[in-house]
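# A structural walkthrough
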Amino acid sequence: MTYTPDVLVIDDDPKITSLLRRALRAEGYDVRTAQDGAEGLARARERQPDLVVLDWLMPGMDGLEVCRRLREQSDVPILMLTARDETADRVRGLDSGADDYLVKPFALDELLARVRALLRRREQRERRVLQYADLALDLTSRIATRGERTIELTTREFELLSYFLRHPGVVLSQEQLLDHVWEGQFDNESNVLHVYVGYLRNKLEAGGEPRLIHTVRGVGYVLRE
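The sections below set out a description of the structure shown in this document. It should be emphasised that the depicted structure is a prediction, and the values quoted were computed from it without experimental measurement. (Residues numbered from 1 in each chain as written. Predicted model: local features only at pLDDT ≥ 70, side-chain atom pairs only at ≥ 80, totals over all residues. Heavy atoms only, no water.)

## Notes on unusual backbone geometry
Counted only if it meets this: By definition, any uninterrupted DSSP run of H or I lasting at least four residues is a helix, any uninterrupted run of E lasting at least two residues is a strand, and each is numbered from the N terminus.
Here the amide bond leading from Lys 104 into Pro 105 is cis, since omega sits at -5°, within 30 degrees of zero. If you trace the backbone, Pro 105 turns up in the loop between strand E5 (100–103) and helix H5 (108–126). If you check the backbone angles, Ala 133 has positive phi at about 50° while not being a glycine. Inspection of the secondary structure puts Ala 133 in the loop between strand E6 (129–132) and strand E7 (135–138). In the Ramachandran plot, Arg 142 falls in the positive-phi region, its phi being about 65° despite a non-glycine side chain.

Given below as structure tokens:
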């Protein structure tokens, strides 16, 4: 199942809200909307969004205050929209906690590109730890855990496991795995992949845990429960 990012649009202009809802849904995002700052904060508390598109000039609580309060709750990416185009205004918007700033009127293609960029940046931050079932791999320390158990890996084991974790549920051919982990040093006739899958299985299952790396005969391997 593919994960669909959740985008929260907070803007008091119904025309802009309607435009953004249609455009973002056409891009494949789940979209929620709020007409003012208080409603936007409430919706963010109900369910943490993956990205917020936030208008600055709103009655009552303005976008700067909403941005500050969102920052107290989370590090969700925030794209600020405003008619203010002075440098000092941009600085105020970014200093309030916004990640990006777009001046109205804006080109829809540019807004969508900025949304994609912010979501990619968020995904890259979050994917410093890869996880599947009870298996997690810290990409910084290069240490794996299975439940509460710590598993130390060699360089090749780390490369192989991280590739599996980036493609859960996908049947990976021997050729794909050899090309990625050993960069073409071995061909399909070599048993090096079989040996290292065995090493990984021994380490991942040492505590009696169920198998996660399965053989697909005649093709390769797959990470699945």
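Additional details are given in the paragraphs that follow.
## Here we look at the sheet that holds strand E11 (residues 213–216)
Applied cut-off: Each pair of strands is called paired provided DSSP finds at least two bridges between the two strands. Here, two residues are considered to be in contact whenever any of their heavy atoms come within 4.5 Å of each other. Axis definition: a line fitted to C-alpha atoms, over the contacting stretch in the case of helices. Angles run 0 to 180 degrees between N-to-C directions.
In spatial order, the strands read E10-E12-E11; together these three strands make up an open sheet with antiparallel pairing. Edge strands, defined here as strands with exactly one partner in the open sheet, are strand E10 (172–173) and E11. In the sheet, E11 pairs with strand E12 (residues 220–223) via four bridges, with the strands oriented antiparallel. Its bridge partner being in E12, Ile 213 is matched across the sheet by Leu 223. Strand contacts of helix H8 (residues 192–204): E11 and E12, with the helix running at about 145° to E11, the strand carrying the most contacts.

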